[in-house]
Amino acid sequence: MILHHEEIETLAQFDAAVASGSLARAVVQALDLTHRGSELASVRVDGALFLGCRLTDDSLVDVQARGGLVFPRIPDVPIDPYRSRLYSPINLFDTPGDYAASLDARAYAWTRVAGTNPSLAHTLASSLHDHAITEALDDYLSTVPPTQVVGVMGGHALKRGSEGYEATAALGLALSGEGMLVASGGGPGAMEAANLGARMAPHGTEALAEALAMLAAVPSFTPSIDAWVDAAFEVRDRFSGGADTLGIPTWFYGHEPPNVFANRIAKYCSNALREDVLLQRCKGGLVYLPGAAGTVQEVFQAVTGNYYAGDPSSLTPMVLVGVEQWTRNLPAWPLLESLAHGRAMAGVVTLVDTVEEAGQWLAERWA
C-alpha cells in the first residue's frame, strides 16, 4: 500500500520538494504547474497525487506514465473541489456591491440546480470540496488547543441593534478576551454577533459599541443583502485587524449569507457534515442562544456525543440561554435533564437566563 505523506499546497513547497529530488507519494494540491514542466520531469513522481493541479499536456502524459495519479479539475463548478485553504470574506464576497454575482451566490445557485437528483459530477465535486475544507480547517485548528475553541449557536433572525444582538456580541468579545477562539455557524443574526464581538476584542468595548451603532442602520440581510454586507465591510474597514474568529456555514442555508466578521470561513456543501464538524471542534464549550430548528438540531447532536461519552475528559460543556425559550417555547431542557440524570454529562450541561450568566458559567469551568 502506498502511504502519502507530504502535502504540498504552495509553489514554494513544490520547489523545495523538487530540490530534494523527489515528489514520490506526495500530495500536490490545486497548484498551477504549467510553468514547472522541466522541474516535474526531473523528479520522481511515483505514487504522487496531483489534485486539481494545472499541467501542460506533455507534463500530464509524463506524470501519469511515471506512476503519478492526476485528479483533474472538474468543469462548470463554481467552487474549487481541491481548495487548500479556508475561505475569507473577500473570497466569498468577491464582487463588491453585487452579491448576486459573488462566488457565494453562484455556489448556492449551483447547489440548488442539482435538486434531488444531482449528477455524479456534482456529488463528486461537492464531496471533494467538503473534504478539502475539513482538511484546511484541521490544519488551521492544529495551532489551537481544542479546549480553547468555543461555539456560539443561535438563530439567524436576531437583528442588529437589538438587545440580544448586543449581548451576544459582548459575549463574543469576553470569550475572545479570555483567549478563546470563538466559532459560530457563520451566518447572520446571533452567529454574526458572536463573530463580531470576538473579532473586536483587541479594539475594546468602546469600539464594539461604535461598531454596533454602525451596523444597527441595516438591521437585517432582508430586504437587501448588499446593504447588509456593505455595512459590515464598513465596520471592518473602520476597525481593521482584530482577533481570529471562525465561521462554519453551509450552502444548504444559502439564502442566509455568511457574515464577514469571521475571518476564517469553512463553508460546506453538506449541512450534515458541517454540523458534525462544527460541534466536534468546539471542545471548550457550546453556548446555545434562542433559535429554531437548526439550533435544536445542534443541541441534540452535541448531547448525543455527551450522552455516550466513555471518557469524562471528552465531555463538552453545554449551556442553554433563555429559560422561557428552552422550557416553554421549545422545551428541550426537560428532555436534556432526563437524559443527563445519573450520567457524567449531568455535570456539563446547564440552563441560564442571560448571555452574561452563560459566560460566567463557562469561565468557572476554565478556572
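Asker: I would appreciate a short explanation of the sheet that holds strand β9 (residues 285-288) in the present structure.
Answerer: The strands making up a sheet are joined through hydrogen bonds of the backbone, oriented either antiparallel or parallel. Read from one edge to the other, the open sheet built from seven strands follows the order β8-β7-β6-β5-β9-β10-β11, with strand pairing classed as parallel. Because the sheet does not close on itself, it has two edges, and the strands there are β8 (264-265) and β11 (349-352). As paired elements, strand β5 (residues 149-153) and β9 share four bridges and run parallel to each other. Along β9, the bridge assignment pairs V150 with G285. Running over the sheet, helix α12 (residues 293-307) touches β5, β9 and β10 (318-321) and is turned about 150 degrees from β9. The strands that helix α15 (residues 355-366) touches are β5, β9, β10 and β11; relative to β10, the one it contacts most, it runs at about 165 degrees.

Asker: In this structure, what is going on with the packing of helix α7 (residues 163-177) against α15? I would like to understand it.
Answerer: A pair of packed helices can be characterised by two numbers: the angle between their axes and the separation between those axes. Two elements in contact, α7 and α15, have axes whose closest approach is 9 Å; the angle formed by their N-to-C orientations is 15 degrees. With respect to α15, the element α7 is oriented roughly parallel. Where α7 crosses over α15, the two elements pack in a sense that is right-handed. Of the residues in α15, those in contact with A167, T168, L171 and L175 of α7 are V355, E356, G359, L362 and W366.

Asker: Could you clarify how one ought to interpret the side chain of R236 in this entry?
Answerer: For R236, the location among the structural elements is in helix α10 (residues 225-238). The residues touching R236, leaving out its near neighbours within four places in the chain, are P89, R199, V260 and F261.

Asker: Any chance you could explain the pairing of β10 here in plain terms?
Answerer: One face of the sheet, then the other: side chains in a regular strand alternate in exactly this way. Burial along β10 is two-sided: the residues M318 and L320 and V319 and V321 are all buried. The pairing of β9 with β10 spans three bridges and is classified as parallel. Note that in β10 the partner of V287 across the bridge is V319. Handedness of the β9-α12-β10 crossover: right-handed. In this sheet, β11 lies alongside β10 in parallel orientation, the contact comprising four bridges. Bridged to V321 within β11 is V352.

Asker: Would you mind going over the pairing of strand β6 (residues 181-184) with me for this structure?
Answerer: Of the two faces of β6, the one holding L181 and A183 and the one holding V182 and S184 are both buried throughout. The pairing of β5 with β6 spans four bridges and is classified as parallel. Residue G151 lies in a different strand from β6, and its bridge partner there is A183. A crossover connection joins β5 to the parallel β6 through α7; in handedness this β-α-β unit is right-handed. Judged from the two bridges that link them, β6 and strand β7 (residues 246-247) form a sheet pairing that is parallel. Bridge pairing in β7 places A183 opposite L246.

Reading the values: the criteria
Residues numbered from 1 in each chain as written. Predicted model: local features only at pLDDT ≥ 70, side-chain atom pairs only at ≥ 80, totals over all residues. Heavy atoms only, no water. Pairing = 2+ DSSP bridges. Helix = DSSP H or I, 4+ residues; strand = E, 2+ residues; numbered from the N terminus. Contact = heavy atoms within 4.5 Å. Axes fitted to C-alpha atoms, helices over the stretch in contact; angles between N-to-C directions. Parallel < 35°, antiparallel > 145°, perpendicular 65-115°, else oblique. Left-handed = near helix turned anticlockwise from the far one by under 90°. Buried < 20%, exposed > 50% of the residue type's maximum accessible area, 1.4 Å probe, protein only. Right-handed = clockwise from strand over helix to strand, strands pointing away.

Everything listed here is a matter of coordinates, which is why it stays silent on function.
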